[in-house]
Amino acid sequence: SPSEAAPPLRAAQAKDPLLNRGRYLVEHIGLCADCHTPRNEKGQFVTERWLMGSPLPFQPMVPMPWSPVAPQLAGLPGMTEAQAIAFMKTGKRADGSVPLPPMPQFRFNSEDAKAVVAYLKSLPAQPAKPAVAAQE
């Protein structure tokens, strides 16, 4: 389940109702991880790369416009908060374009769009660096 794979919110964040609502919407309604998080050879989400973008492991059965890669959502690189909220409400980018399938054109209300964006902005935009083993 996405909730089990998602990195936990930090203690201070876990008390924030906006972040909790956003996390719920991202993980259980939008199911964003299905496309935007890579999976390992067992089909499990790679937690260290949570919502950092991934090639799509599927394609349409008929020729159609299609995005073979889901971009990074963690940290919402390249989008301001206002642009991201507008995108979640309208399904359109700041330049008026829409993403290619399989990305749905969401129509969140203002409160839910703000919650989704707050959660995505709270995520680290880069994977955590592995701890360096002590030299003996």
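A quick note: this is a predicted structure, and the numbers were derived from the prediction, not measured.

**Student:** Before we move on, could you go through the pattern of salt bridges and cite the residues and values that matter?
**Tutor:** Scanning the model with the defined rule gives 3 salt bridges in all. One salt bridge connects Asp112 with Arg21, and the closest N-O pair in it is separated by 3.2 Å. With a gap of 91 residues between them, Asp112 in helix 6 (residues 110-122) and Arg21 in helix 3 (residues 17-29) connect regions that are remote in the sequence. Residue classification places Asp112 among the buried residues on the basis of a relative accessible area of 15%. Salt-bridge contacts for Asp34 lead to Arg39; the nearest nitrogen and oxygen are separated by 3.5 Å. You can call Asp34 partly exposed: its relative accessible area is 33%. Overall, Arg39 belongs to the partly exposed group, its relative accessible area being 40%.

**Student:** How would you sum up the side chain of Ser54? Please name residues and give values.
**Tutor:** Position of Ser54 among the secondary structure elements: in strand 1 (residues 54-55). Residues contacting Ser54, with those up to four places away along its chain left out, are Cys35, His36, Thr37, Pro38, Val69 and Ala70.

**Student:** I'd like a rundown of unusual backbone geometry, residues and numbers included.
**Tutor:** With the exception of glycine, the majority of residues adopt a negative phi angle, and the majority of peptide bonds are in the trans configuration. With an omega of 15 degrees, the peptide bond running from Pro101 to Pro102 counts as cis. Inspection of the secondary structure puts Pro102 in the loop between helix 5 (81-90) and helix 6. Phi is positive for Leu31, close to 50 degrees, though the residue is something other than glycine. Tracing the backbone through its elements, the reader meets Leu31 in the loop between helix 3 and helix 4 (33-36). A positive phi angle, near 60 degrees, is found at Leu51, a position not held by glycine. Relative to the helices and strands, Leu51 resides in the loop between helix 4 and strand 1.

Cut-offs used in this document
- Residues numbered from 1 in each chain as written.
- Predicted model: local features only at pLDDT ≥ 70, side-chain atom pairs only at ≥ 80, totals over all residues.
- Heavy atoms only, no water.
- Salt bridge = Lys/Arg side-chain N within 4 Å of Asp/Glu carboxyl O.
- Helix = DSSP H or I, 4+ residues; strand = E, 2+ residues; numbered from the N terminus.
- Buried < 20%, exposed > 50% of the residue type's maximum accessible area, 1.4 Å probe, protein only.
- Contact = heavy atoms within 4.5 Å.

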